[in-house]
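Now for the letters of each chain:
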Amino acid sequence: RLSEIEALSQQAHLLVSQGALDEADVLLDRAHAIDSAHLATRLTRARLLIARERHAEGLEVLGATRGADAHFGTALTRGEAFLALEQYEQATVAYSRAATVQPESPAGYFGLSLSLRGLGRTEAAAAFERCLAIDPAPGWYSARLFATLRMGLDADVANDAASYLRESAPEEGLRTYVALAASLALIR
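Report follows, based on the coordinates. Bear in mind that the values here come from a model prediction, so they are computed numbers and not experimental data.

A few points about helix H7 (residues 106–118)
At step 1: Its 13 residues give H7 an end-to-end C-alpha distance of 19 Å, which sits within 8% of 18 Å, the value for a rise of 1.5 Å per residue.
At step 2: Most of H7 is tucked away, with 11 of its 13 residues classed as buried.
At step 3: At the C-terminal side of H7, Gly120 shows a positive phi close to 75 degrees.

Spelled out as structure tokens, the structure:
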């Protein structure tokens, strides 16, 4: 059996992942009233704030989290917030921590590749290769392409698009969008 706070936290997490942010907010308020220091609740609150593009507030919520240094989700979420704020050094530290805590997860290496790319570091390629070694799914290419576009690194988009189109299956739905994104980036 789950405790009430665990049930509220898990429900809120599912709602955030589905984009139902207002509904999740209500559950997070109830969970916060039970235990304001509960790690999963704070992490979900931070993810909700990040989904609302309130990245600095999300980092504030995570800043006071007990035991956060050893928690994969917290490190990953910090990395995401720092990356969105274009604080690439801090994002690199957070994603490196995530990769250390859970080295079998491609997500830490994926984020690390983006933050290193934002810094213009050549180690970005090795981090992305590690991501693909763990999970060779071609979707990582398209995710990196769109993240690179958001970061304004248009020059890298064509290479990522070509790699994605080479690696993905012809019936994969994102192929057209990736080719279009690369074309627009090259025009821009």
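Considering the pattern of salt bridges
At step 1: Applying the stated rule across the entire model yields seven salt bridges.
At step 2: Here Arg52 and Asp25 are joined by a salt bridge, their closest N and O atoms 3.1 Å apart. Note that Arg52 is positioned in the loop between helix H3 (39–51) and helix H4 (55–63) and Asp25 in helix H2 (residues 21–34), a separation of 27 residues in sequence.
At step 3: Glu123 is paired through a salt bridge with Arg121; the nearest N and O atoms lie 4.0 Å apart.
At step 4: Residue class for Arg121 comes out partly exposed when judged on its relative accessible area of 32%.

As for the packing of H3 against helix H5 (residues 72–84)
At step 1: For the pair H3 and H5, interaxial distance at closest approach is 10 Å and the crossing angle is 20 degrees. By the criterion of interaxial angle, the relationship of H3 to H5 is roughly parallel. The crossing of H3 and H5 is left-handed. Residue-level inspection shows Leu39, Leu43, Ala46, Arg47 and Ile50 of H3 in contact with H5, the latter providing Gly73, Thr74, Thr77, Glu80 and Ala81.
At step 2: In terms of residue class, the contact of H3 with H5 is made up of five nonpolar, three polar and two charged.

Let's talk about the nonpolar core
At step 1: Ranked by size, the top nonpolar core spans 27 residues in total, and within it Leu83, Tyr95, Phe110, Leu114, Phe128 and Trp140 carry the most contacts.
At step 2: If you list the elements that add at least two residues to this core, you get H5, helix H6 (88–101), H7, helix H8 (123–134) and helix H9 (139–150).
At step 3: Ranked by residues supplied to this core, first place goes to H5 with six residues.
At step 4: If we ignore the near neighbours within four places in the chain, the residues touching Phe110 are Phe128, Cys131, Trp140, Ala143 and Arg144.
At step 5: Membership of the second largest hydrophobic core comes to 10 residues, among which are Leu8, Leu21, Ala24 and Leu28.

Things to note about the environment of Asp25
At step 1: Between the alpha carbons of Asp25 and Ala12 there is a distance of 7.4 Å; along the sequence they are 13 residues apart.
At step 2: Once residues lying within four places of it in the same chain are set aside, the contact partners of Asp25 are Arg45, Leu48 and Arg52.

Some details on the packing of aromatic side chains
At step 1: Scanning the model with the defined rule gives three aromatic pairs in all.
At step 2: Ring centres of Phe110 and Phe128 lie 6.4 Å apart, and the angle between their planes is 55 degrees; this geometry places the pair in the tilted category. Placement of Phe110 in helix H7 and of Phe128 in helix H8 is noted, with a sequence separation of 18 residues between them. The same class applies to Phe110 as to Phe128, namely buried.
At step 3: Ring geometry for Phe110 against Trp140: centres 5.0 Å apart, planes inclined by 45 degrees, an arrangement best described as tilted. Of the two residues, Phe110 sits in helix H7 while Trp140 sits in helix H9, which places them 30 residues apart along the sequence.
At step 4: A relative accessible area of 17% means that Trp140 is categorised as buried.

Conventions we followed
- Residues numbered from 1 in each chain as written.
- Predicted model: local features only at pLDDT ≥ 70, side-chain atom pairs only at ≥ 80, totals over all residues.
- Heavy atoms only, no water.
- Helix = DSSP H or I, 4+ residues; strand = E, 2+ residues; numbered from the N terminus.
- Expected span 1.5 Å × (residues − 1).
- Buried < 20%, exposed > 50% of the residue type's maximum accessible area, 1.4 Å probe, protein only.
- Salt bridge = Lys/Arg side-chain N within 4 Å of Asp/Glu carboxyl O.
- Axes fitted to C-alpha atoms, helices over the stretch in contact; angles between N-to-C directions.
- Parallel < 35°, antiparallel > 145°, perpendicular 65-115°, else oblique.
- Left-handed = near helix turned anticlockwise from the far one by under 90°.
- Contact = heavy atoms within 4.5 Å.
- Nonpolar A, V, L, I, M, F, W, Y, C, P; charged D, E, K, R; others polar.
- Core = buried A, V, L, I, M, F, W, Y, C linked by side-chain atoms within 4.5 Å.
- Phe/Tyr/Trp six-rings, centres within 6.5 Å; stacked < 30°, edge-to-face > 60°.

Function cannot be read off these values alone, since they describe shape.
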